[in-house]
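Here are the chains, one letter per residue:
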Amino acid sequence: MDLAFIAEVFPKLLAGLPLTLSLAVLSLSGGAVLALMLSGLRASSWLGAQFANFYVYIFRGTPLLIQIFLIYYGLAQFPALRHSLLWPLLREPYVCAVLALMLNDAAYTSEILRGGLRAVPSGAIEAAKVAGMSRPTMLRRIVLPLAFRQALPAYGAEVTSMVKATSLASVVTLMEVTGLARAEVSQSYRAIEVFLCAAVIYLVLVTLITRLVHWLEARLSTHRSPALDRSPA
């Protein structure tokens, strides 16, 4: 292990961190919106529920790397897309990577959201109806906050998984942290030091996200009394 080389290569890999974070933020944001739309389809009709289930089945049952390849290399095979107004965007590696990550995240997030909605106590919904709340008010003040609290641990795991999944964007020529690491290895042939630095960067990111999720869980669980969490002597 050459510590001098590690100190030299570490700042080079940090230069790809903004691209990694932008991939993660955009894919998670778009995935959350699509997940809400899938949840709405499930609640709308039988046909909508079948479409949402099929979507989740496809994107959860196939590797993310294959999905990236299909979008990046496969869309160019459709002449209608190549001659459309969207082609200047769809031919960009960054857009294709974000699109693949977003579609994949939506499938997992919709399942997490469905689990959170199922965990909402029926008594809370009945109480809201007795209080005269309208359906939008009940969703905003009762159902969604309780569902989010129940789904937060699982969604935190999905966020960390998506941050690590951004490393797959390097296969479509994006120079994020992993892309820069691969380029550095091809020049220096020192894989251990380079990929160790990349692993440390991802480890720090995941640790910070995990701490943030735990902090949110604690903030959303302030109704619990500390005395109830302690086992009797």
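Here the structure is a predicted model, which is why all the values come from computation and not from measurement. Numbers given for residues are sequential positions, taken from 1 along each chain in its written order. Only residues with pLDDT of at least 70 are given local features in this predicted model, and only at 80 or more are side-chain atom pairs given and counted; all residues enter the totals for whole chains, interfaces and linings. Heavy atoms from the whole structure form the basis of all side-chain values; hydrogens and water molecules are not counted.

**Q** How would you summarise the overall build of the protein chain if you had to cite specific residues and measurements?
**A** Segments assigned H or I by DSSP are reported as helices when at least four residues long, segments assigned E as strands when at least two residues long, and all are numbered from the N terminus. Helix and strand counts for the protein chain stand at twelve helices and zero strands. Of the regular secondary structure in the protein chain, the N- to C-terminal order runs α-α-α-α-α-α-α-α-α-α-α-α. Along the first, second and third principal axes, the C-alpha set of the protein chain runs to 70 × 60 × 25 Å. For every residue, the accessible area obtained with a 1.4 Å probe (protein chains only) is divided by the maximum for its type, and the residue is called buried under 20%, exposed over 50%, and partly exposed between those limits. Within the span of the protein chain, comprising 233 residues, buried residues form 38% of the whole. A contact between two residues is defined here by any heavy atoms of the two lying within 4.5 Å. Considering only contacts within the protein chain whose residues lie at least 6 apart along the sequence, 77% involve residues at least 24 apart. Every accessible area reported is derived by Shrake-Rupley at a probe size of 1.4 Å, with residue values counting cover from the shown protein chains alone. On the protein chain, roughly 13800 Å² of surface is accessible, and the fraction owed to carbon and sulfur atoms is 68%. Neither His nor the chain ends contribute to the count of charged residues, in which Lys and Arg are positive and Asp and Glu negative. Lysine's charge is taken at NZ, arginine's at CZ, aspartate's at CG and glutamate's at CD. A gap of 12 Å separates the mean positions of the 19 positive and 12 negative side-chain charges of the protein chain.

**Q** Report on a nonpolar patch on the surface, specifying residues and quantitative values.
**A** Nonpolar side chains collect at one region of the surface, where Met 1, Ile 192, Leu 196, Val 200, Val 204 and Leu 208 lie side by side and expose about 580 Å² of accessible area between them. With respect to the helices and strands, the residue Ile 192 is situated in helix α11 (residues 191-220). Judged by relative accessible area, Ile 192 falls into the exposed class, the value being 60%. Only residues whose relative accessible area exceeds 30% and that form no salt bridge are eligible for patches; like-charged ones are grouped when within 9 Å, while nonpolar side chains (Val, Leu, Ile, Met, Phe, Trp, Tyr) are grouped when within 5 Å. Each salt bridge in this description consists of a side-chain nitrogen of Lys or Arg and a carboxyl oxygen of Asp or Glu lying within 4 Å of one another.

**Q** Before we move on, can you summarise the packing of aromatic side chains with the specific residues and values?
**A** Stacked, edge-to-face and tilted labels apply to pairs of Phe, Tyr and Trp rings (six-membered ring for Trp) whose centres lie within 6.5 Å, assigned for plane angles under 30 degrees, over 60, and everything in between, in that order. A complete count under the given rule lists three aromatic pairs for this structure. Pairing Tyr 55 with Phe 59 gives two aromatic rings, centres 4.6 Å apart and planes at 35°, and the pair type is tilted. With Tyr 55 and Phe 59 both in helix α3 (residues 46-61) and four residues apart, the pair spans about one turn of that helix. When sorted by exposure, Tyr 55 lands in the same class as Phe 59, which is buried. An aromatic cluster is defined as three or more aromatic residues linked by ring pairs; in this entry it consists of Phe 69, Tyr 72 and Tyr 73.

**Q** I'd love a proper account of the nonpolar core, names of residues and values included.
**A** Among buried residues, those of type Ala, Val, Leu, Ile, Met, Phe, Trp, Tyr and Cys that are joined through side-chain atoms within 4.5 Å constitute a nonpolar core. One finds Leu 13, Leu 23, Tyr 55 and Val 194 to be the most contacted residues of the largest nonpolar core, which totals 46 residues. If we skip the residues at most four places from it in the chain, Val 194 touches Phe 5, Val 9, Leu 13, Ala 181, Glu 184, Val 185 and Ser 188. Val 120, Ala 128, Ile 142 and Val 143 belong to the second largest nonpolar core, which has six residues in total.

**Q** Give a detailed account of the environment of Thr 109, specifying residues and quantitative values.
**A** Its location among the elements puts Thr 109 in helix α7 (residues 93-118). Judged by relative accessible area, Thr 109 falls into the buried class, the value being 7%. Sequence-wise, Thr 109 and Ala 151 are 42 residues apart; in three dimensions their C-alpha atoms are separated by 9.4 Å. Apart from residues lying up to four places away in sequence, Thr 109 is in contact with Ala 35, Tyr 155 and Glu 158.

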